[in-house]
Amino acid sequence: MRIAAAQLTCVPADVQANVRQVAALADRAREDGARVVVFPELAVTGYELEAIAGDSGLWVGAEDSRLDPLRGTGIVTVVNCAGPGEHGGDPRIATYVYGADGALITAYYKQRLYEQEQQYFTAGEVDGRFEFDGVRFALATCFDNHFSDLIARVREDRCDVHLASSLYGTGGGIEERAKVYPGIAADANVFVALANHVGAAGPFTGCGGAALWAPGGALITEADDRTAMVAVADIGV
């Protein structure tokens, strides 16, 4: 199976503009032969925490019609956004997985909220999993990937591919990104696909480097540090 990890520069707090970007990159991944594509953390709004907290119009449910363009791309699309909270509560950092036919396969909610995220979001409690064409996928969002218990469950659940929607910035984020994800590939014995921001991302500057690693931690392919693009590779499971 060929899969893709995307990177982009989001338009702050503009759902429609970002959905158009996501859909265009999903089209590009499909044209490159990928059957699954994963996008960065909060790709639908950008990493704009205060704006999200102050405007529930930026919260996007799995069936929101604003997501229709990306549901029509003909590829399994893993997209992260600010999702509505339960029972009118605070929003959650949500990952929605849509099939090539546009139908929702599953939803996952970030379990480990990073620093300031705890002020604005409610954490999820259930691990993200789905199967497609005989391949078992795990889902995680950025800071989730820093916790050994979550990664241990990826291994215990016999997942084949770990999909990470993330934001790593320049500076210390470059080193974290380069350490954490090959480490997951080695520790959980899975393929890892990392999607990241590139350029301005709220208070950060995304360092790009969307990439895929093989079980054991060897790098398969890697995007640059400046261009909206997809990193595409074949995996064998």
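Keep in mind it's a predicted model, so treat the numbers as computed, not measured.

Draft legend 1. Layout of unusual backbone geometry. The phi dihedral of Leu42 falls on the positive side, at around 50°, and the residue is not glycine. With respect to the secondary-structure elements, Leu42 resides in the loop between β2 (36–38) and α2 (49–54). A residue is classified by how much of its surface remains accessible, and Leu42, at 0% relative accessible area, is buried.

Draft legend 2. Fine view of the nonpolar core. Core analysis: the largest hydrophobic core is formed by 45 residues, its most contacted members being Val36, Val78, Phe130, Phe137, Val161, Leu163 and Tyr181. When near neighbours in sequence (up to four residues on either side) are disregarded, Val36 contacts Met1, Arg2, Ile3, Ala4, Ile75, Val76, Val78, Phe132, Phe137 and Leu163.

Draft legend 3. The state of the cysteines, seen in detail. Counted according to the given criterion, the structure contains 0 disulfides. Here Cys81 stays free of any disulfide, with the sulfur of Cys10 as its closest cysteine sulfur at 12 Å. Classification of Cys81 by relative accessible area gives buried; the value is 1%. No disulfide involves Cys159; its sulfur sits 19 Å from that of Cys142, the nearest cysteine. For Cys159, a relative accessible area of 6% gives the class buried.

Draft legend 4. Structural detail: the packing of aromatic side chains. Inspection of the entire model under this criterion finds 7 aromatic pairs. Aromatic side chains Tyr96 and Tyr98 sit 6.4 Å apart centroid to centroid with 65° between the ring planes, which places their arrangement in the edge-to-face category. Residues Tyr96 and Tyr98 agree in their burial class; the two are buried. Geometrically, the ring pair formed by Tyr168 and Tyr181 is edge-to-face, given 5.6 Å between the ring centres and 85° between the ring planes. Of this pair, Tyr168 sits in the loop between β8 (161–165) and α6 (172–188) while Tyr181 is found in helix α6, placing the two residues 13 residues apart along the sequence. A residue is classified by how much of its surface remains accessible, and Tyr181, at 0% relative accessible area, is buried. Among the aromatic residues, those joined into a ring-pair cluster are Tyr114, Phe143 and Phe147.

Draft legend 5. Looking closely at the environment of Thr227. Locating Thr227 in the fold gives a position in the loop between β12 (219–222) and β13 (229–234). Measuring from C-alpha to C-alpha, the distance between Thr227 and Gly209 comes to 9.5 Å, with 18 residues separating the pair along the chain. Once residues lying within four places of it in the same chain are set aside, the contact partners of Thr227 are Gln7 and Val198. Reaching out from Thr227, the side chain makes a polar contact with the side chain of Asp224 at a distance of 2.7 Å.

Draft legend 6. View of the side chain of Ser165. Along the chain, the position of Ser165 falls in strand β8. Classification of Ser165 by relative accessible area gives buried; the value is 1%. For Ser165, the side chain forms a polar contact with the main-chain oxygen of Phe39, separated by 2.7 Å.

Quick notes on the rules
Residues numbered from 1 in each chain as written. Predicted model: local features only at pLDDT ≥ 70, side-chain atom pairs only at ≥ 80, totals over all residues. Heavy atoms only, no water. Helix = DSSP H or I, 4+ residues; strand = E, 2+ residues; numbered from the N terminus. Buried < 20%, exposed > 50% of the residue type's maximum accessible area, 1.4 Å probe, protein only. Core = buried A, V, L, I, M, F, W, Y, C linked by side-chain atoms within 4.5 Å. Contact = heavy atoms within 4.5 Å. Disulfide = S-S within 2.5 Å. Phe/Tyr/Trp six-rings, centres within 6.5 Å; stacked < 30°, edge-to-face > 60°. Polar contact = N/O pair within 3.5 Å; in protein donor to acceptor, adjacent residues only side chain to side chain.

These results come straight from atomic positions and should not be treated as a statement about function.
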